[in-house]
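Chains, contacts and geometry: an overview
Here's the letter readout for the chains.
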Amino acid sequence: MENVKNADITENTLPLNKIRENLKKEQRDIKIKKFCKNKLAVVGLILTVFMGIVALFAPLIATHDPLEMVVYDRLKAPSAEHLFGTDTFGRDLLSRVVYGARVSMGVGLSVGILSMIIGMTIGLYASYYKFLDNILMRICDGLKAIPSILLAITLMAVIGPSTRNVIISLTIVSVPTMARIARSNALSVKEQTYIEAMKALGASPSRIIWKHIAPNVLSPVIVQASFVFATSIVTEAALSFLGAGVPAPAPSWGNILYEGKTVIYNSWWLVTFPGIFTALSVLGLNLFGDGLRDFLDPLTN
């Protein structure tokens, strides 16, 4: 009899597992179709992938050495030899722009990932421990009280201009917002009945935080990370434009724009092409982030 009962349970369980898997697959397919129907989100994804490809394959796309100076070719208009023209030192602008994409996209991606990890960790522990909440959130409030660009400039003035320091300063600027979002979502998850059940069963705080709360907080944090990615590209360009970001002669969209501002009326290409690449990358990430928010939202069908 026991064997018969076990066989019945197995036979009943297998179809249920298959039904659940099929339901999850159908829900995922529905969300993918919904994402594809969002034309702006698809455009954002295409622009983001395009900029990623440009940054990744910059050595193959560049036609010249981005640091090579040819003085007698300075300020040449776009031509067959120099598709984007040349800058004030005779350097090929196309090569500098595509290598600048590697710097700007690399900074944005690094800041997005680091701020997501650090901010989510702070938000999760602040939501679980009240004594940490008062300390960590007050620090975040203090950082949020300072305008982002001013805080970034101040940090760069203290630690010095370099690509690594730009990533560090922009991560510090972005963490408070990420921590706030993670904390607010974690607080609502913490009040759920199954979390109380896990506490009653004697589960450790680390297990509850990372196995049961973190997965439910991950979606909004990922969406916010995509917006941080876009914001970091603009802020890095602003810092480099002001001379506090990536130091010359390393190519960055910000310092290319800075070099072109003095000859903008005679050499329009120096600000046009890096400006277009900056705008397209930020536009793509914002559109993709909006679509990603709808895709990851558990309330959407």
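Notes on the structure in this doc start here.

Reading guide: rules and limits
Residues numbered from 1 in each chain as written. Predicted model: local features only at pLDDT ≥ 70, side-chain atom pairs only at ≥ 80, totals over all residues. Heavy atoms only, no water. Helix = DSSP H or I, 4+ residues; strand = E, 2+ residues; numbered from the N terminus. Rg over C-alpha atoms; globule rule 2.2 N^0.38 Å. Buried < 20%, exposed > 50% of the residue type's maximum accessible area, 1.4 Å probe, protein only. Contact = heavy atoms within 4.5 Å. Areas by Shrake-Rupley, 256 points an atom, 1.4 Å probe, with all protein chains shown as cover. Lys, Arg positive; Asp, Glu negative; His and termini not counted. Charge placed at Lys NZ, Arg CZ, Asp CG, Glu CD. Phe/Tyr/Trp six-rings, centres within 6.5 Å; stacked < 30°, edge-to-face > 60°. Lys NZ or Arg CZ within 6 Å of the ring centre and 35° of its normal. Salt bridge = Lys/Arg side-chain N within 4 Å of Asp/Glu carboxyl O. Patch = residues over 30% accessible without salt bridge, like charges linked within 9 Å, V, L, I, M, F, W, Y side chains within 5 Å. Axes fitted to C-alpha atoms, helices over the stretch in contact; angles between N-to-C directions. Parallel < 35°, antiparallel > 145°, perpendicular 65-115°, else oblique. Left-handed = near helix turned anticlockwise from the far one by under 90°. Nonpolar A, V, L, I, M, F, W, Y, C, P; charged D, E, K, R; others polar. Polar contact = N/O pair within 3.5 Å; in protein donor to acceptor, adjacent residues only side chain to side chain. Expected span 1.5 Å × (residues − 1). Arc of directions from axis to C-beta. Core = buried A, V, L, I, M, F, W, Y, C linked by side-chain atoms within 4.5 Å.

1. Re the overall build of the protein chain
Check the secondary structure of the protein chain and you find eleven helices and zero strands. Along the chain direction, N to C, the helices and strands of the protein chain fall in the order α-α-α-α-α-α-α-α-α-α-α. A compact globule built from 301 residues would reach a C-alpha radius of gyration of about 19 Å, whereas the protein chain, at 25 Å, exceeds it by more than 25%. Overall, the protein chain is about 95 × 45 × 30 Å in size when its C-alpha atoms are taken along their principal axes. Each of the 301 residues in the protein chain was classed as buried or not, and the buried ones make up 42%. Relative to all contacts within the protein chain whose residues are 6 or more apart in sequence, the contacts with residues 24 or more apart total 72%. With the model as given, the accessible surface of the protein chain reaches about 16,400 Å², and the carbon-plus-sulfur share is 66%. Charged side chains in the protein chain number 28 positive and 21 negative. The centres of these two groups are separated by 5 Å.

2. A look at the packing of aromatic side chains
Summed over the entire model, instances satisfying the criterion amount to ten aromatic pairs. Consider the rings of Tyr125 and Tyr129, whose centres lie 6.2 Å apart with planes at 5 degrees: the pair is stacked. The rings of Phe84, Trp253, Trp268, Trp269, Phe273 and Phe277 are connected pair by pair, giving a single aromatic cluster. The positively charged end of Lys190 is found above the aromatic ring belonging to Tyr128, 5.5 Å away from the centroid.

3. Focus on the pattern of salt bridges
Enumeration over the complete set of coordinates arrives at eight salt bridges. The salt bridge partner of Arg183 is Asp133, with a shortest N-O separation of 2.7 Å. With Arg183 in helix α7 (residues 163-190) and Asp133 in helix α5 (residues 130-144), the pair connects residues that are 50 residues apart, well separated along the chain. In this structure, Arg183 and Asp133 share a single accessibility class: buried.

4. Observations concerning a nonpolar patch on the surface
Side chains of Leu45, Val49, Ile53, Leu56, Phe57, Leu60 and Ile61 sit close together on the surface and give an oily, nonpolar patch of about 640 Å² of accessible area. Among the elements that line the nonpolar patch, the one with the most residues is helix α2 (residues 39-56), at four residues. Relative to the elements of secondary structure, Phe57 occurs in the loop between α2 and α3 (58-61).

5. Some points on the packing of α7 against helix α9 (residues 205-241)
A pair of packed helices is captured by two measures, namely the crossing angle of their axes and the spacing between those axes. The contact between α7 and α9 brings their axes to 9 Å, and the two run at 155 degrees. Our classification of the angle between α7 and α9 gives roughly antiparallel. Once α7 is placed against α9, the crossing between them reads as right-handed. Of the residues in the contact of α7 with α9, the class split is 14 nonpolar, eight polar and one charged.

6. A word on the environment of Lys31
Position of Lys31 among the secondary structure elements: in helix α1 (residues 2-37). Residue classification places Lys31 among the buried residues on the basis of a relative accessible area of 19%. Placed 263 residues apart in sequence, Lys31 and Asp294 show a C-alpha to C-alpha distance of 8.4 Å.

7. Considerations on the side chain of Ser174
Tracing the sequence through the fold places Ser174 in helix α7. Owing to a relative accessible area of 11%, Ser174 belongs among the buried residues under this scheme. Here the side chain of Ser174 touches Leu170 through a polar contact of 2.8 Å, landing on its backbone oxygen. With sequence-adjacent residues up to four places away left out, Ser174 is seen in contact with Val111, Ser115, Val228 and Ser232.

8. Some details on the packing of helix α4 (residues 93-128) against α7
At a closest axis distance of 5 Å, the pairing of α4 and α7 adopts a crossing angle of 40 degrees. Remark: the crossing between α4 and α7 carries right-handed chirality. The residue inventory of the contact of α4 with α7, partitioned by class, reads 19 nonpolar, eight polar and two charged.

9. Topic: α5
Taking 1.5 Å as the rise per residue, α5 with 15 residues should run 21 Å; its terminal C-alpha atoms sit 20 Å apart, in good agreement. Looking only at α5, the buried set comprises Asp133, Met137 and Cys140. Looking straight down α5, one finds that the buried residues subtend no more than 55 degrees of arc, so they occupy a single side.

10. Quick notes on the nonpolar core
Grouped together as the largest cluster of nonpolar side chains are 32 residues, with contacts concentrated most on Val107, Leu124, Leu170, Ile208, Ile213, Val217 and Val221. For this core, the elements supplying multiple residues, two or more each, are α4, α6 (148-159), α7, α8 (193-200) and α9. Top contributing element to this core by residue count: α9, with nine residues. Excluding residues within four positions of it along the chain, Leu170 makes contact with Val107, Val111, Ala152, Ser232, Thr235, Glu236 and Leu239.

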